[in-house]
Amino acid sequence: MLPLFVLLCWTLPAEAQQPAANALSASEAADGWILLFDGRTLSGWSPSGDAEWKVEDGTIAATMGTGFLATSRPFGNYEFKTDVWIDQTANSGVFFHCGDPPGARTCYEANIFDTHAEWPTGSINNLKTSKPNTPDTIGKWNTFEVLTDGNHLIVKVNGRTTADVQDERLSSGTIALQEGGGGGMGLVRFRNVKVRPR
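Cut-off values and rules
- Residues take numbers from 1 onward in each chain, read along the sequence in its written order.
- At least 70 in pLDDT is required for a residue's local features to be given in this predicted model, at least 80 for side-chain atom pairs to be given and counted, and no such filter applies to totals for whole chains, interfaces and linings, which use all residues.
- Hydrogen atoms and water are omitted, and side-chain values are computed over all heavy atoms in the structure.
- Should a side-chain nitrogen of Lys or Arg be within 4 Å of a carboxyl oxygen of Asp or Glu, the pair is scored as a salt bridge.
- Secondary structure is summarised from DSSP: a helix means a run of H or I of at least four residues, a strand means a run of E of at least two, and numbering begins at the N terminus for each.
- For every residue, the accessible area (1.4 Å probe, protein chains only) is compared with the maximum for its type, and the residue is labelled buried under 20%, exposed over 50%, or partly exposed between those bounds.

**Q** How would you summarise the pattern of salt bridges if you had to cite specific residues and measurements?
**A** Within this structure, the stated rule accounts for six salt bridges. Among the salt bridges present, the one from Lys194 reaches Glu28, with a minimum N-O distance of 3.1 Å. One end of the pair, Lys194, is in strand E13 (residues 188-197); the other, Glu28, is in helix H2 (residues 26-30), with 166 residues separating them in the sequence. Each member of the pair, Lys194 as well as Glu28, is classed as buried. In this structure, Asp38 engages Arg40 in a salt bridge whose closest nitrogen and oxygen atoms are separated by 3.8 Å. Taken together, the shared-partner salt bridges connect Lys54, Glu56 and Arg189 into one network.

Encoded structure:
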């Protein structure tokens, strides 16, 4: 009879096992993904504004203030992916192709704010709304993706495309997480933050 640990390894092959939180799987690393958050520090990120960003329980978290947390390096064409959790009052987003400082005029904004009247979660503000099929993201973990290829911009929430548009205005820049957009402060958390340049 085989020992129990041998049976467990046999029934759960390595390629079927999920990577730990805030880590890349072997296949992701081989495919060129870069981990942007190690689960312990904010190394590689630069804050702006007065939002109180911190590392909490293996997540990037903010509950107070208004501002951004931007990558320290720019990116051009890429796939970006993160898990995000927001409460009922948080107005957040993933800003991309950002200038310095990040903001609505210097970046594209993939919104994370379910109750926004015009640009709810999954929209690219001022370009493409996710309505009428806006995802319900409050109070649970969601997978949020941004894909850029030249002037082609795509946002996906939980695997479903919510915005797909072409625009020439911006072509590269940093990626920035937002807290407190439009005064909508609340709890927002990010984990498994990664990017694959193309």
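**Q** Explain unusual backbone geometry to me, using residue names and the numbers behind them.
**A** Residue Pro101 follows Asp100 across a cis peptide bond; omega there is 0°. The topology assignment puts Pro101 in the loop between strand E7 (92-98) and strand E8 (108-112). A cis geometry characterises the amide bond from Lys131 onward to Pro132, with omega recorded as 5°. Along the chain, Pro132 falls in the loop between E8 and strand E9 (142-149). Positioned with a positive phi, Asn126 is a non-glycine residue whose angle comes to about 70°. Note that Asn126 resides in the loop between E8 and E9.

Honestly, it's all geometry; don't read function into it.
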